[in-house]
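Spelled out, the chains give:
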Amino acid sequence: MKNPRSTSTPEPASARAPAPAPAPADPSRPPMGWNSWDCYGTTVTEEEVLANASFLAEHLAPYGWDTVVIDIDWSDPSARSHGYNADAPLVMDEQGRLLPDPGRFPSSADGAGFGPLAAQLHGLGLRLGIHVMRGVPRRAVAANTPIVGSTLRASDIADPTNSCEWNPDMVGIDHTVPGAHAYYDSVLALYASWGVDFLKVDDMLWPYQAAEIEAFSAAIEGCGRPMQLSLSPGRDLSLTRLPHLREHATMWRICDDLWDRWEDVEANFARFARWAPYSGPDGWADGDMLPLGRIGIRAERGEPRHDRLTPEERRTLMTLWVIARSPLMIGGDLQSSDPETVALLRNDAVLEVLRASSGNREVFREGPLVLWTADGDGDTRYVAAFNLGADELPVALDSQDVDLPSHLEGQVTELWSGGEVPTRPVTEQSDAARGVAPGSTALDVVIAPHGALLLRYAPAR
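Quick summary incoming for the structure in this document.

Cut-off values and rules
- Residues numbered from 1 in each chain as written.
- Predicted model: local features only at pLDDT ≥ 70, side-chain atom pairs only at ≥ 80, totals over all residues.
- Heavy atoms only, no water.
- Pairing = 2+ DSSP bridges.
- Helix = DSSP H or I, 4+ residues; strand = E, 2+ residues; numbered from the N terminus.
- Axes fitted to C-alpha atoms, helices over the stretch in contact; angles between N-to-C directions.
- Expected span 1.5 Å × (residues − 1).
- Buried < 20%, exposed > 50% of the residue type's maximum accessible area, 1.4 Å probe, protein only.
- Phe/Tyr/Trp six-rings, centres within 6.5 Å; stacked < 30°, edge-to-face > 60°.
- 1 Å grid on protein atoms, 1.4 Å probe; cavity = no way out; pocket = protein on both sides within 12 Å on 5 of 7 lines; lining within 4 Å.
- Points joined across faces, edges and corners; volume = space filled by probe spheres on them.

A few words now on the sheet that holds strand β5 (residues 158-159). On the basis of which strands lie adjacent, the open sheet formed by three strands has the order β4-β6-β5 and antiparallel pairing. For this open sheet the edge positions go to β4 (136-137) and β5, each flanked by a neighbour on one side alone. Here two bridges tie β5 to strand β6 (residues 170-173), and the two strands are oriented antiparallel to one another. Of the residues in β6, the one forming a bridge with Ala158 is Ile173.

In this section: the sheet that holds strand β17 (residues 393-398). A sheet is described by the order of its strands in space; here three strands give the open sequence β17-β20-β19, paired in antiparallel fashion. The open sheet has two edge strands, β17 and β19 (423-425), and neither has a second partner. Strand-to-strand twist of the sheet, defined as the mean angle between neighbouring strand axes without regard to direction, takes the value 25°. Of the pairings in the sheet, the one linking β17 to strand β20 (residues 441-447) comprises six bridges and is antiparallel in character. Its bridge partner lying in β20, Asp398 is registered against Ala442.

Turning our attention to helix α10 (residues 311-323). Its 13 residues give α10 an end-to-end C-alpha distance of 18 Å, which sits within 8% of 18 Å, the value for a rise of 1.5 Å per residue. Burial of α10 is extensive: ten of the 13 residues sit out of reach of the surface. Within α10, burial applies to Glu313, Arg314, Thr316, Leu317, Met318, Thr319, Leu320, Trp321, Val322 and Ile323. Two residues or fewer after α10 comes Arg325, characterised by a positive phi angle close to 55°.

For the rest of this paragraph, the subject is the packing of aromatic side chains. Going through the model one piece at a time under the given rule, you end up with eleven aromatic pairs. Between Phe114 and Trp194 the ring centres are 5.6 Å apart and the planes differ by 90°, which places this aromatic pair in the edge-to-face class. Of this pair, Phe114 sits in the loop between β2 (67-70) and α3 (115-123) while Trp194 sits in helix α6 (residues 182-194), placing them 80 residues apart in sequence. For the pair Phe114 and Trp194, one class covers both residues: buried. Each residue in the set Trp74, Phe105, Phe114, Tyr191 and Trp194 is aromatic and connected to the rest through ring pairs, giving one cluster.

Okay, empty space enclosed by the protein next. In the structure shown here, the tally under the stated rule is three cavities of 30 Å³ or more. The space that makes up the largest cavity amounts to roughly 180 Å³. Lining the largest cavity are 19 residues, with Trp74, Leu98, Val132, Met133 and Met170 sitting closest to its centre. Elements with a contribution of two residues or more to the lining of the largest cavity: β3 (127-133) and α6. Residue contributions to the lining of the largest cavity peak at four residues, all from α6.

Right under this line is the structure:
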């Protein structure tokens, strides 16, 4: 992210010193972690955050899961399931900056903010993320609060003509006002003092808020602490925005909220096919959270449940997100999720595709069959085969159709099961290997309804 300006006057001397940072985020792989939204919506508590963080640290951190994100409305004492409250009594400091509700986050009392919670997560080797809405709180505008480091006040920078359509808390900022950036600068200085490592900033992409994105990105650059920037919600996002996104953000959503419905998962195949070739260390296309495990506990959508996806659909979701190298944020409550879901998140061979593959792309889509390929280290190759249909799909894949050599001199392994995939050289055209050319190799697979296989080809050494 680039900083086109110097920051405004810094925080008063009474402000806390910036908290120590954990190990730097690895820019070569997408962010991975847990987010409170799918299970707790607007109502998550400090106790629930710490319980999930402890589970993450003990069971998932060795596999790369390292970020804990507190989603929307952490400043609202009146937060409830299934929606937002108009004119909510958001907790706010005298400069119009939102603070955690001490009723739900007791360690934030007396102006401590998320600092004590960040310290606990850092002690576990984890990173703290928080959700933020763009703009300035309506209550700050009504109170005309001062802005740190500026002669401006909240009402001077407020733009009520550019406010969120679905959340009532905030008013947009008019960035044509000279010095309007001072509000975001003050907010980011506060977050830096708390020890925040990751920011999910909402209402940025639908419609596309270029000026807000630039101002927020610059405030991060000027706050003195590295933070990853995630932009949402992603509905109707165009590839024309790619250069701007890469300049200012770590990751960006390519869809609206994704829930535990097959139609939500299937819709992301086309989006990932469009975006995945452009994902990488310059920025990551994000297919949204993984609605897996125990969700809906006090959520915005649905009643408490284990996700409604079948085992095959869960594996398909994970396979698509991994082969497309999407950020992975778990949406389910970890300690009450079933062991089978947790096992999906601990398959190191599968996650290696996320961490270290390149050239990831869709190469075939016809009827129910969708094929992706990617390059691994050396001559290693990866193939993802998906069945979008409702019936079992037996198919002989031509090795060259999935970017493998015509003659396979190594082993093909299915990474979810660990089993070897049968292969056979094809010497003549016949029904026994329909669609496989003579001189190529057939990979014989059977894909379950709504299922997926993730294959690794490792040449013999």
